[in-house]
Amino acid sequence: MEAAIADVLEARRTAWNAGDLDSYRQLLTEDADVVSATGRRSAGRDALIALSAEQKQQPSYRDAVITATQIDAVRLVTPDVALIDATYRMTGVRVPADSEARPVAGPILFVMVEQGGAWRIASIRALPPSP
């Protein structure tokens, strides 16, 4: 189970970096929601993908790359629901937008559910990055 969850988070990282929204969409439940590290919220798979695409075009994140999503803990709530405490690491972030690009890291929580034998992301909660 933990290996399958790690594979989903790695696929998310790869899809986000590549701007591959179709691959990212497949990793999400239909009702997935997010509170991004920028404090923006969206509900529903399509809204989450739209927000991700919009934020990736912003000067702060245009050149950003997720270099790692490190799993810190997995808690199985039920056989098909898991809470994943993780740490994201990124390079190329410009906050504020006119600053030099820098590496950042921050905590991120995923709620994942198993649907039809595959783990999918149901919810993402990220805190703002720290240098």
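Residues numbered from 1 in each chain as written. Predicted model: local features only at pLDDT ≥ 70, side-chain atom pairs only at ≥ 80, totals over all residues. Heavy atoms only, no water.

### Quick look at the overall build of the chain
Phase 1 of the analysis: Each helix and strand in the chain was counted, giving 3 helices and 6 strands.
Phase 2 of the analysis: Traced from its N-terminal end to its C-terminal end, the chain shows the element sequence α-α-β-β-α-β-β-β-β.
Phase 3 of the analysis: Relative to a compact globule of 131 residues, whose C-alpha radius of gyration would be 14 Å, the chain shows 14 Å and is just as compact.
Phase 4 of the analysis: Considered along the principal axes of its C-alpha atoms, the chain spans approximately 45 × 30 × 20 Å.
Phase 5 of the analysis: The proportion of buried residues among the 131 residues of the chain is 38%.
Phase 6 of the analysis: Sequence separation of 24 or more characterises 53% of the internal contacts of the chain that already satisfy a separation of 6 or more.
Phase 7 of the analysis: A total of about 6800 Å² of accessible surface is found on the chain, and carbon and sulfur atoms cover 52% of it.
Phase 8 of the analysis: Here the chain contributes 14 positive and 17 negative side-chain charges, whose respective centroids are spaced 5 Å apart. (Helix = DSSP H or I, 4+ residues; strand = E, 2+ residues; numbered from the N terminus. Rg over C-alpha atoms; globule rule 2.2 N^0.38 Å. Buried < 20%, exposed > 50% of the residue type's maximum accessible area, 1.4 Å probe, protein only. Contact = heavy atoms within 4.5 Å. Areas by Shrake-Rupley, 256 points an atom, 1.4 Å probe, with all protein chains shown as cover. Lys, Arg positive; Asp, Glu negative; His and termini not counted. Charge placed at Lys NZ, Arg CZ, Asp CG, Glu CD.)

### Some details on helix 1 (residues 2-18)
Phase 1 of the analysis: Over its 17 residues, helix 1 extends 24 Å from the first C-alpha to the last, a length consistent with the 24 Å expected when each residue adds 1.5 Å.
Phase 2 of the analysis: Regarding helix 1, the residues found buried are Ile 5, Val 8, Leu 9, Arg 12, Arg 13, Ala 15 and Trp 16.
Phase 3 of the analysis: Against the buried residues of helix 1 lie helix 2 (21-26), helix 3 (45-57), strand 3 (65-78), strand 4 (81-93), strand 5 (102-115) and strand 6 (118-126).
Phase 4 of the analysis: Backbone geometry just downstream of helix 1 places Gly 19 in the positive-phi region, at approximately 70°. (Expected span 1.5 Å × (residues − 1).)

### Topic: the side chain of Ser 52
Phase 1 of the analysis: Along the chain, Ser 52 falls in helix 3.
Phase 2 of the analysis: Accessibility expressed as a relative area gives 9% for Ser 52, which makes it buried.
Phase 3 of the analysis: Residues within four places of Ser 52 in sequence aside, it is in contact with Trp 16 and Tyr 24.

### Structural notes on empty space enclosed by the protein
Phase 1 of the analysis: Considering all chains together, one arrives at 1 cavity of 30 Å³ or more under this definition.
Phase 2 of the analysis: In this model, the largest cavity occupies a volume close to 340 Å³.
Phase 3 of the analysis: The wall of the largest cavity is formed by 20 residues, among which Arg 12, Trp 16, Ser 36, Ala 37 and Gln 55 lie closest to the centre.
Phase 4 of the analysis: Elements supplying a minimum of two residues to the lining of the largest cavity: helix 1, strand 1 (28-35), helix 3, strand 4 and strand 6.
Phase 5 of the analysis: The dominant element in the lining of the largest cavity, judged by the number of residues it contributes, is helix 3, at 4 residues.
Phase 6 of the analysis: Classifying every residue of the lining of the largest cavity by side-chain character gives 15 nonpolar, 4 polar and 1 charged. (1 Å grid on protein atoms, 1.4 Å probe; cavity = no way out; pocket = protein on both sides within 12 Å on 5 of 7 lines; lining within 4 Å. Points joined across faces, edges and corners; volume = space filled by probe spheres on them. Nonpolar A, V, L, I, M, F, W, Y, C, P; charged D, E, K, R; others polar.)

### Some thoughts on the pattern of salt bridges
Phase 1 of the analysis: Under the definition given, this model contains 5 salt bridges.
Phase 2 of the analysis: Here the salt bridges do not stand alone but share partners, grouping Asp 22, Arg 25 and Asp 46 into one network. (Salt bridge = Lys/Arg side-chain N within 4 Å of Asp/Glu carboxyl O.)

### Some remarks on the side chain of Thr 69
Phase 1 of the analysis: Inspection of the secondary structure puts Thr 69 in strand 3.
Phase 2 of the analysis: Leaving out residues up to four positions away in the same chain, Thr 69 has contacts with Leu 9, Arg 12, Arg 13, Ala 86, Thr 87 and Phe 110.

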